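So the chains spell out like this:
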Amino acid sequence: MPTIYHDLIIKRTTEEVFKDVSNPKDLENWWPFKCSGEPKVGTAYNFRDTDDWYGKVIKSVSSKSFYIKMTKSDKDWNPTTFGFDLEGRKDGSTYMVFWHKD
């Protein structure tokens, strides 16, 4: 899989964006049909669409960074890593760097 980078400015606080990318119920709003896990290092996430995919949290710093390394998924996703790095802006919005690599 090629490396993907996206830089975004989101009109929400870093706390809100962190919750959106790390809380399983919030993830279900934009990615998997069902999701479970906790945003703590070493915790497994289960992403369920048509198949069960699993990833392990390798970095979780509240309102700053959240990374997952896939451990069981489709061949082209396993063992990729994706993450979100967040930086607050003076206007209350968040600068987010999303990446997916390896």
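To start, this report covers the structure provided alongside it. (Residues numbered from 1 in each chain as written. Predicted model: local features only at pLDDT ≥ 70, side-chain atom pairs only at ≥ 80, totals over all residues. Heavy atoms only, no water.)

1. With respect to the sheet that holds strand 6 (residues 81-88)
The strand order across the open sheet formed by seven strands is 1-7-6-5-4-3-2, and the pairing between neighbours is antiparallel. Strands at the two margins of the open sheet, each flanked by one partner only, are strand 1 (4-10) and strand 2 (34-36). Here the average twist between neighbouring strands, direction ignored, is 20°. Strand direction decides the pairing type here: strand 5 (residues 65-72) and strand 6, joined by five bridges, are antiparallel. (Pairing = 2+ DSSP bridges. Helix = DSSP H or I, 4+ residues; strand = E, 2+ residues; numbered from the N terminus. Axes fitted to C-alpha atoms, helices over the stretch in contact; angles between N-to-C directions.)

2. Let's talk about the packing of aromatic side chains
Going through the model one piece at a time under the given rule, you end up with 12 aromatic pairs. Summarising the aromatic geometry, the rings of W30 and F84 are spaced 6.2 Å apart at their centres and angled 85° between planes, so their arrangement reads as edge-to-face. Of the two residues, W30 is situated in the loop between helix 2 (24-27) and strand 2 and F84 in strand 6; the sequence distance between them amounts to 54 residues. What makes W30 partly exposed here is its relative accessible area of 46%. The exposure class of F84 is buried, given its relative accessible area of 3%. Ring centres of W31 and W77 lie 5.7 Å apart, and the angle between their planes is 25°; on these two criteria the pair is classed as stacked. With W31 in the loop between helix 2 and strand 2 and W77 in the loop between strand 5 and strand 6, the pair connects residues that are 46 residues apart, well separated along the chain. An aromatic cluster of three or more residues is present, and its members are F18, W30, W31, Y45, F47, W53, F66, W77, F82, F84 and F98. Across the ring face of F33, the terminal group of K34 is positioned such that the distance to the ring centre comes to 5.9 Å. Taking NZ or CZ as reference, K101 lies 5.0 Å from the ring centre of W99, over its face. (Phe/Tyr/Trp six-rings, centres within 6.5 Å; stacked < 30°, edge-to-face > 60°. Buried < 20%, exposed > 50% of the residue type's maximum accessible area, 1.4 Å probe, protein only. Lys NZ or Arg CZ within 6 Å of the ring centre and 35° of its normal.)

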